[in-house]
Amino acid sequence: MKQFLLIFLGGGIGSFLRYLISKTLNSHYPNFYLGTFLVNILGCFIIGLLIGLSLRNNYLSENQMLLMATGFCGGFTTFSTFALESHILLKEHSILYMSVYLGLSIFIGILAIALGLYLCKLL
């Protein structure tokens, strides 16, 4: 039961922060969903750090990983919103913006995970 509560708590905090960031930033850039982009990239970086710390001599406990990786990062990042926003750009015939949004999100997301993992190796 404790594990479910940790996931619930982490997910709630992550979802709330995602909402605040997206609500604040997405309206400023109508052809690029900067808020969603930033939370997804930041979430990739955070999960890279968490996995790196977990792999390094079990630095994080299972409960800490459930709270932060499964809960917080799961609630903070959003694939469904990313897919919807990509669809909206496509529907608006903004092929260039959609391509940039998709490409940067995937490429920089993978780099952010790698950076998080790499930083943990330096510790």
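My aim in this report is to walk through the structure given alongside it, one point at a time. (Residues numbered from 1 in each chain as written. Predicted model: local features only at pLDDT ≥ 70, side-chain atom pairs only at ≥ 80, totals over all residues. Heavy atoms only, no water.)

Our next topic: the environment of Ile13. Mapped onto the fold, Ile13 is located in helix H1 (residues 2-25). Sequence separation between Ile13 and Leu89 is 76 residues; the distance between their C-alpha atoms is 29 Å. (Helix = DSSP H or I, 4+ residues; strand = E, 2+ residues; numbered from the N terminus.)

Our next topic: the packing of helix H2 (residues 34-55) against helix H5 (residues 95-122). At a minimum axis separation of 7 Å, H2 and H5 run at an interaxial angle of 25 degrees. One finds that H2 runs roughly parallel with respect to H5. As for how H2 packs across H5, the hand of that crossing is right-handed. Residues Thr36, Phe37, Ile41, Cys44, Phe45, Ile47, Gly48, Leu49, Ile51, Gly52 and Leu53 of H2 form the contact with H5, whose own contacting residues are Tyr101, Leu104, Ser105, Ile108, Gly109, Ala112, Ile113, Leu115, Gly116, Leu117, Leu119 and Cys120. Broken down by class, the residue content of the contact of H2 with H5 amounts to 17 nonpolar, six polar and no charged. (Axes fitted to C-alpha atoms, helices over the stretch in contact; angles between N-to-C directions. Parallel < 35°, antiparallel > 145°, perpendicular 65-115°, else oblique. Left-handed = near helix turned anticlockwise from the far one by under 90°. Contact = heavy atoms within 4.5 Å. Nonpolar A, V, L, I, M, F, W, Y, C, P; charged D, E, K, R; others polar.)

Moving on: the packing of helix H4 (residues 79-91) against H5. For the pair H4 and H5, the least separation of the axes is 8 Å and the interaxial angle reads 155 degrees. Our classification of the angle between H4 and H5 gives roughly antiparallel. For the element pair H4 and H5, the recorded crossing hand is left-handed. Mapping the contact onto sequence places Phe82, Glu85, Ser86, Leu89 and Leu90 in H4 and Ile95, Tyr97, Met98, Tyr101, Leu102 and Ser105 in H5. Looking at the contact of H4 with H5 residue by residue, the class counts come to eight nonpolar, two polar and one charged.

It is worth spelling out the layout of surface pockets at this point. Estimates place the volume of the largest pocket at around 220 Å³. Around the largest pocket, the lining residues are Asn40, Ile41, Gly43, Cys44, Ile47, Cys73, Thr77, Thr78, Phe79, Phe82, Ser105 and Ile106. Those elements that place two or more of their residues in the lining of the largest pocket are H2, H4 and H5. Ranked by residues supplied to the lining of the largest pocket, first place goes to H2 with five residues. Classifying every residue of the lining of the largest pocket by side-chain character gives seven nonpolar, five polar and no charged. (1 Å grid on protein atoms, 1.4 Å probe; cavity = no way out; pocket = protein on both sides within 12 Å on 5 of 7 lines; lining within 4 Å. Points joined across faces, edges and corners; volume = space filled by probe spheres on them.)

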